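# Inside the fold
Here are the chains, one letter per residue:
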There are 6 protein chains.
Amino acid sequence: MRIQIINPNTSVGMTEAMAASARLIALPNSEIIASTPEHGPRSIECAFDEVVAGAAMLDQIQKGKEMGADAHIVACFGDPALDAARELADAPVIGIAEAAFKLASMVGHKFAVVTTLSRTVPASEHLLHKYGYKHLCSGVRATDIPVLALEHIEPSAYNQLRDECLAAINEDGAEAIVLGCAGMSALVDRLRAELPVPIIDGVAAAVKLAESLHQLSLKTAKTGQYGAPVNKPFIGRYEHWNR
Amino acid sequence: MRIQIINPNTSVGMTEAMAASARLIALPNSEIIASTPEHGPRSIECAFDEVVAGAAMLDQIQKGKEMGADAHIVACFGDPALDAARELADAPVIGIAEAAFKLASMVGHKFAVVTTLSRTVPASEHLLHKYGYKHLCSGVRATDIPVLALEHIEPSAYNQLRDECLAAINEDGAEAIVLGCAGMSALVDRLRAELPVPIIDGVAAAVKLAESLHQLSLKTAKTGQYGAPVNKPFIGRYEHWNR
Amino acid sequence: MRIQIINPNTSVGMTEAMAASARLIALPNSEIIASTPEHGPRSIECAFDEVVAGAAMLDQIQKGKEMGADAHIVACFGDPALDAARELADAPVIGIAEAAFKLASMVGHKFAVVTTLSRTVPASEHLLHKYGYKHLCSGVRATDIPVLALEHIEPSAYNQLRDECLAAINEDGAEAIVLGCAGMSALVDRLRAELPVPIIDGVAAAVKLAESLHQLSLKTAKTGQYGAPVNKPFIGRYEHWNR
Amino acid sequence: MRIQIINPNTSVGMTEAMAASARLIALPNSEIIASTPEHGPRSIECAFDEVVAGAAMLDQIQKGKEMGADAHIVACFGDPALDAARELADAPVIGIAEAAFKLASMVGHKFAVVTTLSRTVPASEHLLHKYGYKHLCSGVRATDIPVLALEHIEPSAYNQLRDECLAAINEDGAEAIVLGCAGMSALVDRLRAELPVPIIDGVAAAVKLAESLHQLSLKTAKTGQYGAPVNKPFIGRYEHWNR
Amino acid sequence: MRIQIINPNTSVGMTEAMAASARLIALPNSEIIASTPEHGPRSIECAFDEVVAGAAMLDQIQKGKEMGADAHIVACFGDPALDAARELADAPVIGIAEAAFKLASMVGHKFAVVTTLSRTVPASEHLLHKYGYKHLCSGVRATDIPVLALEHIEPSAYNQLRDECLAAINEDGAEAIVLGCAGMSALVDRLRAELPVPIIDGVAAAVKLAESLHQLSLKTAKTGQYGAPVNKPFIGRYEHWNR
Amino acid sequence: MRIQIINPNTSVGMTEAMAASARLIALPNSEIIASTPEHGPRSIECAFDEVVAGAAMLDQIQKGKEMGADAHIVACFGDPALDAARELADAPVIGIAEAAFKLASMVGHKFAVVTTLSRTVPASEHLLHKYGYKHLCSGVRATDIPVLALEHIEPSAYNQLRDECLAAINEDGAEAIVLGCAGMSALVDRLRAELPVPIIDGVAAAVKLAESLHQLSLKTAKTGQYGAPVNKPFIGRYEHWNR
């Protein structure tokens, strides 16, 4: 199968890193296609970034569709434009926050989210609320490490991340840790070696759920909310959506 | 004061209609500046439209800011990109759904939302959930009238809208009706004459809340979630956001 | 328009202070009529006070109605007898807690309530729950300053209030502060000068919402829960309600 | 023990009827003291009635306290002024709605509330929400029988009540019926003979809970929210509360 | 009446202790029948114990039914197998956690649960959620005293329990304490003497609710969810349930 | 990997049918080990059945653990004894209802549950509540087809099932259907051919999630709520758990 992983921000390095993580975990016959938008912010760290990146990402969904993707992954922890992407796609579309919450809650009674900037905490809380996982989350903790600093993480930043995970475990009672940024994928093994609880990376979780849905022949329902976008004129930089 | 009303879709006719409604209800010293994005869909009727229009709308917020707007109104019932707009703005930013729910719940114990396409029902339900008004809403009813058909509404479509309002009152126990589309602004008086309950138009409600916040010197908090967007590189069609 | 502000307690000094605050913020053509009940407690600091004051306040609603009030404000942060007042009135009736929550949640992602006695905390929490704002509130904090001590506030009490606001901001993540007592109206400017977030006074908020509803010709729905009270015999000190 | 049953409305006939019902079900050594306020409405059928009756009822709590009551029952289904009564009392204070919900949810998975006027439905829903029983209630149904018509109920009204109970069972899946008015106490046996599910009368339920709490030596906590009312001046018709 | 108290664990000493507590509080004509399962764990301290003990307990419900019990009490704070027991029984079945929450919430605005092992905290939280009492609970606190250590409690363990109750009162604002283990029944008087708030023991609470339901002729509804178990073949160690 | 599928009821035919379904969907290197308890009911159709089957199922978890299972599936839609099983196991344990809800909510905005007997509806609603999916479910519908009648389903029963699915789609707005019984696994393809929305079988969903967790090296957290059961004496038919 073909799994399109879209990094909604425009950091090609980050896209490549997450594609590498995804390929390590994917089944042999799962082809990972990594997509980076041609437009938008270098990283997603506030609602503004998320809206802009969300709009840019939809072009990639369309490209993935044309390339015959069997599943699309929106690889930013805010799950930006997920409902819109589902309208556009026929194949399943999976958000990495959603994927991480779903797997974390099967291996731990309460899971923590450990994320980057404090600014992104409300976004995570909003998703916990939207997906119905608030009561299963011991809390969202921020490290205030900028997203792009994750690529070549400094020892001090890594320690800060690990210590925040430990605080989630010891102070909040977390029994599993969800990493709240796609850029943390490469740190899973290192954290797993040091921490006594399961560590869940959303990118890897989403790859597995993409394979799962595909093997079950489950596609996005096109009869209701996720039906194809209504045809209509688009202008300006969105003229390509004109139908 | 200067109130910027942004119609997030690209129908100039609709922008003008809602600006006219707004001017009728605005205080004498409130200047209504109407903005239409240069990019995006002609109407907003699904999540896809909302994401694209949301991104395009942010340019207008920036323009409004540069023009010295004292308040910004996002005049689409899905309140698209509202949090992002608040990050960008210093003045208050008001969504018309939020405004309508807030006023409706002061004049009726339970209010209904009567909207356009069935496809937009989940968006309204999401906002009721997000803002905490679900328990005060008797239900969201769709008329399946397309947004653009509201501009020069046919008698049969108007009757359908009125009948759906009546059903909300008689079957669901609604004590007030929130009109679920900015394009319905011009129909308020006509509906009010025929229906026994308060009719709330979000555009008018937002104008009043904009004036209220301004007179109270209340601006968007810039210390937390609504702080200015994080500076970073943007590329492609969003290069103008590069900071 | 005529806006009746009812101070549900019997402290005429407090009524005058809040009327003065209201007049400062009201539009030029808004006439503020201040009402103090002839019966009841000097201040409202527990459920007992609230019930008694609530019953006494209804007489004032009736008077306001007879004086042609276009809106009634119940100026005690517990919003006592608000539903009953709406049954009695034709014009809109606005509670100051409700008004403050509604405006605060438009300028900050999470707001705090900073109130007087610890005893009143459950009342605020009840209203947050009733109106659906619990998830938008970072917490209710009490200062244990008695209501009547606010009239001529001691420096130490003022400092305590300011420090509690700072704690709400720094420890709880509040991005806006709702002052949890009508008696704090006069302190808004002073607090605003010292604190980095919007400060919302319910009395001022209610005045603006009263003007908003009036300008929109929105009155209390009389078809359902807020229909006129059922006619029936009343005896004793409530004989005047006999119908 | 002495159980004070307060009928918060001023219908002495109704007080006597509920006292008779209570005596039938009370333990031999439980003395039922029936109290009727000297002030207030003949029946309680809307929020206005409830506020006025609530204030008047507090005098009876005080009298009951002076008479050495070991428990107080607020015998109106809206549980008016319950928190205020608990502040005033040292003995337990029990609302009949609260009592009925608590017992009903032990004998049926979902219970219905069948009440008098449609106007009182929001009051019941508010209590279900406040006490946390909303998810255990199959729905609140109104019969539109006025409270005072229950005293000498017409066959047609009785049939209407029974049919509404049947509809709750057959259409809503109710497995127990809570009678939503103290005035329905005398109809329990008749309904029980005709209906296949447990019928719960709040007055009887409250008598049993009063005896239960007394036998367990459980009194109202006076350390927090239910602490004694704060001492302060009261004027006018509430001067007797001056402390 | 005959009240069957089932200790779902197999500690006969604990059964006897709780039966003794129950007899002290029962009405003179309430006969307490104490039952201990012949199968299962010596104590219930995790979900595993609860499932096994729950299945074993059902035999005792059946025995109690055959002995003519007028009410059954499931005397373990996790209320194990309560719904199943209600299906089996015709008389009411009462869980001690449910009973304790119901009485506690009538005498204090917020109650705490103080329990044994940290491992049992999620079970209590689950019940608070299931019964709808989460918003009325100031928190669940564990003492990490093993259940069986309660029988002959060491002074240090007692002090730990009392201190945890004090922390619930002083730090969490608890106005009543629910003891989260049937094995704590014998400590009620001692704690009550030292603590300023009502102390609720679930066993005693359940005895009173059993008497209450019986005196009100309320039995388990057999028309829906609590109808008799569906007849079917059972094999192996559950062959006795074959019908 | 080795995936243990436990049919918690004692119908070997049903175990074989679901194992066959599982093998069809499993990856080539996933070995499906099917387990049937030696004790308990032939089918699970009420809370009583669930408790008894839950206790019996734990023996199978232990056997699976000894056989080196890399994941355990509890293949009954009530997810009986899931938390207890997680305490016992080191490998992940997956309930089929949980698995189905998790996948369904990624392909449809709202999903329906279509189940067997009406008696099982509360169990499904309880799980939706427990897992946080209530707001994503359009409703639970019962067909009143007994579980064992699914093995060799009559045309009329099949039609009833399909019609109930259609009603969920057309009347309730379901965009995906979750089959509410492990015994419906074999009907997925037939239903999928006739219905316009995704059909989710919990057994197949759980197989995929088992493979996903295993490939991600995620095991049950043993540090908190899912830690190993506390060692203690067990007697009678549970003596084998004595530790």
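Only a predicted model underlies this, so the values are computations on that prediction, with no experimental measurement involved. (Residues numbered from 1 in each chain as written. Chains lettered and ligands numbered in written order. Predicted model: local features only at pLDDT ≥ 70, side-chain atom pairs only at ≥ 80, totals over all residues. Heavy atoms only, no water.)

## Some remarks on the sheet that holds strand 1 (residues 2-6) of chain B
All names here are of chain B. Here is the rule: Two strands qualify as a pair provided that DSSP identifies no fewer than 2 bridges between them. Helix and strand assignments follow DSSP, with helices taken as H or I runs no shorter than four residues and strands as E runs no shorter than two, numbered in order from the N terminus. Every axis in this analysis is a line fitted to C-alpha atoms, fitted for helices over the stretch in contact. Angles between the N-to-C directions lie between 0 and 180 degrees. It only takes one pair of heavy atoms within 4.5 Å for two residues to be counted as in contact.
Ordered in space as 2-1-4-5, the 4 strands form an open sheet in which the pairing is parallel. Because the sheet does not close on itself, it has two edges, and the strands there are strand 2 (31-35) and strand 5 (93-95). Between one strand axis and the next, the sheet turns through 25° on average, direction left out of account. Pairing between strand 1 and strand 4 (residues 71-74): 4 bridges, direction parallel. Bridge pairing in strand 4 links Ile6 to Val74. Helix-sheet contacts for helix 1 (residues 12-25) involve strand 1 and strand 2, and the interaxial angle to strand 2 is about 165°.

## With respect to the side chain of His72 of chain D
Residue and element names in this part refer to chain D. Heads up, the rule is: Here a polar contact is taken to be a pair of N or O atoms separated by no more than 3.5 Å, where protein atoms must pair a possible hydrogen donor with a possible acceptor and residues adjacent in sequence count only if both atoms sit in side chains.
When you line up the elements, His72 lands in strand 4 (residues 71-74). At a separation of 2.7 Å, a polar atom in the side chain of His72 contacts the side chain of Gln4. Residues within four places of His72 in sequence aside, it is in contact with Gln4, Ile61, Gly64, Lys65, Ala89, Ala91, Pro92, Val93 and Ile94.

## Topic: the pattern of salt bridges
This is how the line gets drawn: Here, a salt bridge means any Lys or Arg side-chain nitrogen found within 4 Å of an Asp or Glu carboxyl oxygen. For the exposure calls, accessible area comes from a 1.4 Å probe over protein chains only, and a residue counts as buried if that area is under 20% of its type's maximum, exposed if over 50%, partly exposed in between.
Under the defined criterion, the tally for this structure stands at 90 salt bridges over all chains. The partner of Lys232 of chain D in a salt bridge is Glu45 of chain C, and the shortest N-O contact between them spans 2.8 Å. Of the two residues, Lys232 of chain D sits in the loop between helix 8 (202-215) and strand 10 (234-235) while Glu45 of chain C sits in the loop between strand 3 (40-41) and helix 2 (47-66), which places them in two different chains. A relative accessible area of 5% places Lys232 of chain D in the buried class. Asp59 of chain C is the partner of Arg237 of chain D in a salt bridge, and the nearest nitrogen-oxygen pair spans 2.7 Å. In this pair, Arg237 of chain D is assigned in the segment after strand 10 and Asp59 of chain C in helix 2, connecting two distinct chains. Salt bridges here are not isolated pairs; linked through shared partners, they connect Arg141, Glu164, Glu171 and Asp172 of chain A.

## Some thoughts on the pairing of strand 2 (residues 31-35) of chain C
Consecutive side chains of a regular strand alternate in pointing toward one face of the sheet and then the other. Residues and elements named next belong to chain C. Quick reminder of the rule: Handedness rule for crossovers: strands pointing away from the viewer, path from the first strand over the helix to the second running clockwise, crossover right-handed.
Direction of pairing for strand 1 (residues 2-6) relative to strand 2: parallel, over a ladder of 5 bridges. Within strand 2, the position partnered with Ile5 by the bridge is Ala34. For the handedness criterion, the β-α-β arrangement of strand 1, helix 1 (residues 12-25) and strand 2 is classed as right-handed.

## What to know about the side chain of His39 of chain B
Among the secondary structure elements, His39 of chain B is positioned in the loop between strand 2 and strand 3 (40-41). Among the residues examined, His39 of chain B registers a relative accessible area of 17% and is labelled buried. Polar contacts involving the side chain of His39 of chain B include one to the main-chain amide nitrogen of Arg237 of chain A, which spans 2.7 Å.

## As for the relation of the copies chain B and chain A
Rule in force here: Least-squares superposition aligns the copies on the C-alpha atoms of those residues with pLDDT at or above 70 in both.
For the match of chain B to chain A, the screw axis carries a shift of 0.0 Å, the RMSD comes to 0.0 Å, and the turn is 180°. Both copies are brought into coincidence by an operation consistent with a two-fold rotation axis. Considering only C-alpha atoms, the part of chain B nearest the rotation axis is Ala55 of chain B, at 3.1 Å. Mapped onto chain A, 100% of the interface residues of chain B are again interface residues, and the two copies thus contact each other with one and the same surface.

## Notes on the sheet that holds strand 2 (residues 31-35) of chain A
In a beta sheet, neighbouring strands are held together by backbone hydrogen bonds and run either parallel or antiparallel to one another. Residues and elements named next belong to chain A. The strand order across the open sheet built from 4 strands is 2-1-4-5, with neighbouring strands paired in parallel fashion. Each edge of the sheet is formed by a strand with only one pairing partner; in this case those strands are strand 2 and strand 5 (93-95). Each adjacent strand pair in this sheet contributes to an overall mean axis angle of 25°, direction not counted. Examined bridge by bridge, strand 4 (residues 71-74) and strand 5 share 3 bridges and lie parallel to one another. Residue pairing in the sheet places Ile73 in a bridge with Ile94 of strand 5.

## Let's talk about the domain arrangement of chain A
Residues and elements named next belong to chain A. Using the following cut-off: For the domain bounds, the source is a domain assignment made automatically or taken from a database. Buried area is a sum: the accessible area each of two parts loses on coming together, probed at 1.4 Å, counted once for each and added.
Here the domain parsing of chain A yields domain 1 (2-95 + 204-241) and domain 2 (97-202). Centre-to-centre, using C-alpha coordinates, domain 1 lies 22 Å away from domain 2. Facing the 24 residues of domain 1 at the interface are 30 residues of domain 2. Both sides of the domain 1 and domain 2 interface together cover about 2000 Å² of buried area, and 62% of this is carbon and sulfur. The tally of links between domain 1 and domain 2 comes to 13 residue pairs in polar contact (both at pLDDT 80 or more).

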